[in-house]
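Breakdown of the fold
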Amino acid sequence: GVGKTTFVINLAWASATISKRRTLLWDLDPQAASSWLISTDSKSRDAAQAIFSKDVEVRKLIQPSTVPGLDLIAADTSLRSLDHLFREMDKKKRLSKLIESLGKDYDRIPSPLSQRAMGEVARYLVQRGGSHAPILPVYSMVDRRRTLHRKALDEQPDWPAIPMASAIEQMTVRRKPLGAFAPASAPAKDFAALWTMVERQLQGN
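Presented here is a report on the structure given in the accompanying data block. (Residues numbered from 1 in each chain as written. Predicted model: local features only at pLDDT ≥ 70, side-chain atom pairs only at ≥ 80, totals over all residues. Heavy atoms only, no water.)

**Structural notes on helix α11 (residues 186–203)**
Taking 1.5 Å of rise per residue, the 18 residues of α11 would be expected to cover 26 Å, and the 26 Å separating its terminal C-alpha atoms lies within 8% of that figure. Of all the positions in α11, only P187, A188, F191, L194, W195, V198 and E199 are classed as buried. Looking straight down α11, one finds its buried side chains confined to an arc of 145°; they lie on one side. Pointing more than 90 degrees away from the buried face of α11 are the exposed residues K189, R200 and Q203. Contact partners of the buried residues in α11: α1 (4–17), β5 (161–163), α8 (166–169) and α10 (178–181). (Helix = DSSP H or I, 4+ residues; strand = E, 2+ residues; numbered from the N terminus. Expected span 1.5 Å × (residues − 1). Buried < 20%, exposed > 50% of the residue type's maximum accessible area, 1.4 Å probe, protein only. Arc of directions from axis to C-beta. Contact = heavy atoms within 4.5 Å.)

**Let's talk about the layout of surface pockets**
What the second largest pocket holds in volume is close to 420 Å³. Among the elements of the structure, α1, α2 (33–38), β4 (139–142), β5, α8 and α9 (171–174) are those that each provide at least two residues to the lining of the second largest pocket. Ranked by residue count, the leading element in the lining of the second largest pocket is α1, at four residues. Of the residues assigned to the lining of the second largest pocket, the class counts are twelve nonpolar, seven polar and three charged. (1 Å grid on protein atoms, 1.4 Å probe; cavity = no way out; pocket = protein on both sides within 12 Å on 5 of 7 lines; lining within 4 Å. Points joined across faces, edges and corners; volume = space filled by probe spheres on them. Nonpolar A, V, L, I, M, F, W, Y, C, P; charged D, E, K, R; others polar.)

**Section: the packing of aromatic side chains**
Taken as a whole and assessed by the stated rule, the structure comprises two aromatic pairs. Arranged with centres 5.2 Å apart and planes meeting at 80°, the rings of F7 and F191 form a pair that is edge-to-face. One end of the pair, F7, is in helix α1; the other, F191, is in helix α11, with 184 residues separating them in the sequence. Comparing F7 with F191 shows no difference in burial state: the two are buried. Between the aromatic rings of Y139 and W159, the centroid separation amounts to 5.2 Å while the plane-to-plane angle is 40°, which identifies the pairing as tilted. Residue Y139 is located in strand β4, and its partner W159 is located in the loop between α7 (147–155) and β5; the two are separated by 20 residues in the primary sequence. Relative accessible area serves as the criterion here: at 33%, W159 is assigned to the partly exposed category. Over the aromatic face of W36 sits the side chain of R175, whose NZ or CZ is 4.1 Å from the ring centroid. (Phe/Tyr/Trp six-rings, centres within 6.5 Å; stacked < 30°, edge-to-face > 60°. Lys NZ or Arg CZ within 6 Å of the ring centre and 35° of its normal.)

**So, the pattern of salt bridges**
Counted by the stated rule, this structure contains eight salt bridges. The shortest N-O distance in the salt bridge between D143 and R145 comes to 3.0 Å. Judged by relative accessible area, R145 falls into the exposed class, the value being 71%. The partner of D143 in a salt bridge is R146, and the shortest N-O contact between them spans 3.6 Å. According to the relative accessible area criterion, D143 is buried, its value standing at 9%. Residue class for R146 comes out partly exposed when judged on its relative accessible area of 44%. Taken together, the salt bridges that share partners define one network made up of R21, R108 and E199. (Salt bridge = Lys/Arg side-chain N within 4 Å of Asp/Glu carboxyl O.)

This is how it looks when you write it as structure tokens:
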């Protein structure tokens, strides 16, 4: 409920559409909201966790999405215990190796993660020292009418902020990224600007 799906879908769309990057969205969130929004395959395979717990070829689970230039590794219910798997160092090493191998085919690999799983991955990245891409904080679902939100923005004015907006809620109705149906909306422009910032950071590393 903090905007993981909104962020990953719109940034992946920007990567594939604005930057023309070979993009793979790897859905590691057991709620599978990102997969539901852009998947072309309605079948639930219950195989997403097998990439980590068994010797399954990751490329066999890649499918095209509804967004041109954007492929998808869909999530399913088997990922419910993924955060527990990530507590085992070998699983985190496997994730790193899988991303490295997929990097030969894709320029960008965004992914939504549950908060606990993301915490595990972030700690792993920090432990690796300077060999990882930067971790960038972003404010999500900002309502400037709220005192707490304004205070947070004032404390970190350099952090990007994506507003709470009705256009974002329409994504689940239309099952499309913002840029595909409301490119002139404020949040679509904010996501485009955020993606430009991400690209600059990635190119600088």
